[in-house]
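Tertiary structure, described
Here is what each chain is made of, one letter per residue.
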Amino acid sequence: MLSAFLNKTKSLIGIAENFTDNRNRLEKITSTYSDPQLTLRSSENMANNNDENNENLQFSIYDCIRTIKDPEKPATLEELQVVYEEGVKVTSSNESRAYVVNIEFNPTVPHCSLATLIGLCMRIKVERTHLEKIKLDIHIKKGAHDTEEEINKQVNDKERVAAAMENPNLREMVEKCISEDD
């Protein structure tokens, strides 16, 4: 029994020595090939890729919301200049590995009674068509509506959005506005 114990101890010591040898080799290789310029170029490439991904997502989201139909008029939000390319901003969030998407829109009149519905349509369509991990912030252009703060709160509150979509009449209006068929 003592010999079995000694054999196991020797094998564990051998494993530990191999581990130490492998770690020393890895450190030597790492120090030999660590090039600060390589790290810098790699970081720059990652930043460029992030910028490109953000830009692609920005155009994709704008393309998605521009075709939403106005609830009152026979025109799209783009045709009425309610949404515009400069109103969609995308940034990457390093901490959560998600995109932060800000959408600004400009109702046609300062007392537009359907501004909340328009914001709801944008939220629903973007969430359905974009599977990326995003934090969506939809807001009315500063000073463009009489009750912009209240509407911004409603459109960005998940519980209010869920409750609105449970209403069959409201859901039907949203579906009609976001449908792609003519």
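Residues numbered from 1 in each chain as written. Predicted model: local features only at pLDDT ≥ 70, side-chain atom pairs only at ≥ 80, totals over all residues. Heavy atoms only, no water.

Quick note on the threshold: UniProt positions are given in the numbering used here, feature names are shortened, and annotations may be inferred rather than shown by experiment.
Under the heading Sequence similarities (unreviewed entry), UniProt records this for the protein chain: "Belongs to the MIP18 family."

**Points about unusual backbone geometry**
Convention followed: Numbering of helices and strands runs from the N terminus; a helix is a DSSP stretch of H or I covering at least four residues, while a strand is a stretch of E covering at least two. Whether a residue is buried, partly exposed or exposed follows from its accessible area with a 1.4 Å probe, protein chains only, as a fraction of its type maximum: under 20%, in between, or over 50%, in that order.
Unlike most non-glycine residues, Gln81 shows phi in positive territory, near 60 degrees. Mapped onto the elements, Gln81 comes out in the loop between helix 2 (36-66) and strand 1 (88-93). Judged by its relative accessible area of 60%, Gln81 is exposed.

**Quick notes on the packing of helix 3 (residues 115-129) against helix 6 (residues 168-178)**
The test is simple: Every angle, taken between N-to-C directions, lies between 0 and 180 degrees, and every axis is a line fitted to C-alpha atoms, over only the stretch in contact when it is a helix. Throughout this description, any angle smaller than 35 degrees is read as roughly parallel, any larger than 145 degrees as roughly antiparallel, any in the 65 to 115 degree range as roughly perpendicular, and the remainder as oblique. Handedness of each helix crossing follows the sense of rotation of the near helix against the far helix: counterclockwise by less than a right angle gives left-handed, clockwise gives right-handed. Contacts were defined at the residue level, with two residues in contact if any of their heavy atoms lie within 4.5 Å.
Interhelical geometry of helix 3 versus helix 6 gives an angle of 70 degrees and a closest axis separation of 10 Å. Taken together, the axes of helix 3 and helix 6 lie roughly perpendicular to each other. Every pair of crossing elements has a handedness; the one defined by helix 3 and helix 6 is right-handed. Residues Leu117, Leu120, Cys121, Ile124, Lys125 and Arg128 of helix 3 form the contact with helix 6, whose own contacting residues are Leu170, Met173, Val174, Glu175, Cys177 and Ile178.

**Some points on the sheet that holds strand 2 (residues 98-105)**
How we decide: Note: two strands are recorded as paired if DSSP finds a minimum of 2 bridges between them.
Spatial strand order, 1-2-3: three strands in an open sheet with mixed pairing. If you trace the sheet from one side to the other, it starts and ends with strand 1 and strand 3 (134-140), each paired once. Ignoring strand direction, the axes of neighbouring strands in this sheet form an average angle of 15 degrees. In this structure, strand 1 lies alongside strand 2, joined through six bridges in antiparallel fashion. Looking at the pairing, Ser93 lines up with Ala98 of strand 2. Lying over the sheet, helix 3 contacts strand 2 and strand 3, oriented at roughly 160 degrees with respect to strand 3.

**Some details on the confidence of the model for the protein chain**
Regions with low pLDDT should not have their predicted coordinates read in detail. Note the threshold: A residue's pLDDT is simply how confident the predictor is in it, with values from 0 to 100.
For the protein chain, per-residue confidence averages 82 on the pLDDT scale, and residues scoring 70 or more make up 71% of the total. Of all helices and strands in the protein chain, the one with the weakest mean pLDDT is helix 1 (residues 2-33) (57), whereas helix 6 scores best (96). Across residues 37-47, confidence stays below pLDDT 50; counting only partners more than four residues off in sequence or on other chains, it has one contact.

**Observations regarding helix 4 (residues 148-155)**
Stated precisely, the cut-off is as follows: By construction, the arc corresponds to the directions joining the helix axis to the C-beta atoms.
Considered for burial, the residues of helix 4 that qualify are Glu148, Ile151, Asn152 and Val155. For helix 4, the angular spread of the buried residues around the axis is 100 degrees, confining them to a single face. Facing away from the buried surface of helix 4 by more than 90 degrees, the exposed residues are Glu149 and Lys153. Those residues of helix 4 hidden inside the fold are in contact with helix 3, strand 3 and helix 5 (158-166).

**Some points on the environment of Glu72**
Structurally, Glu72 is set in the loop between helix 2 and strand 1. Considering only alpha carbons, one finds Glu72 and Leu114, 42 residues apart in sequence, at a separation of 8.4 Å.

**Overview of the pattern of salt bridges**
The following threshold applies: Salt bridge, as used here, is a side-chain nitrogen of Lys or Arg placed within 4 Å of a carboxyl oxygen of Asp or Glu.
Throughout the structure, instances matching the rule amount to seven salt bridges. Glu180 is the partner of Lys125 in a salt bridge, and the nearest nitrogen-oxygen pair spans 2.3 Å. Placement of Lys125 in helix 3 and of Glu180 in the segment after helix 6 is noted, with a sequence separation of 55 residues between them. A salt bridge links Asp157 to Arg160, with the nearest nitrogen and oxygen atoms 3.7 Å apart. Overall, Arg160 belongs to the partly exposed group, its relative accessible area being 37%. Several salt bridges share partner residues, and in doing so they unite Asp63, Arg66 and Glu78 into one network.

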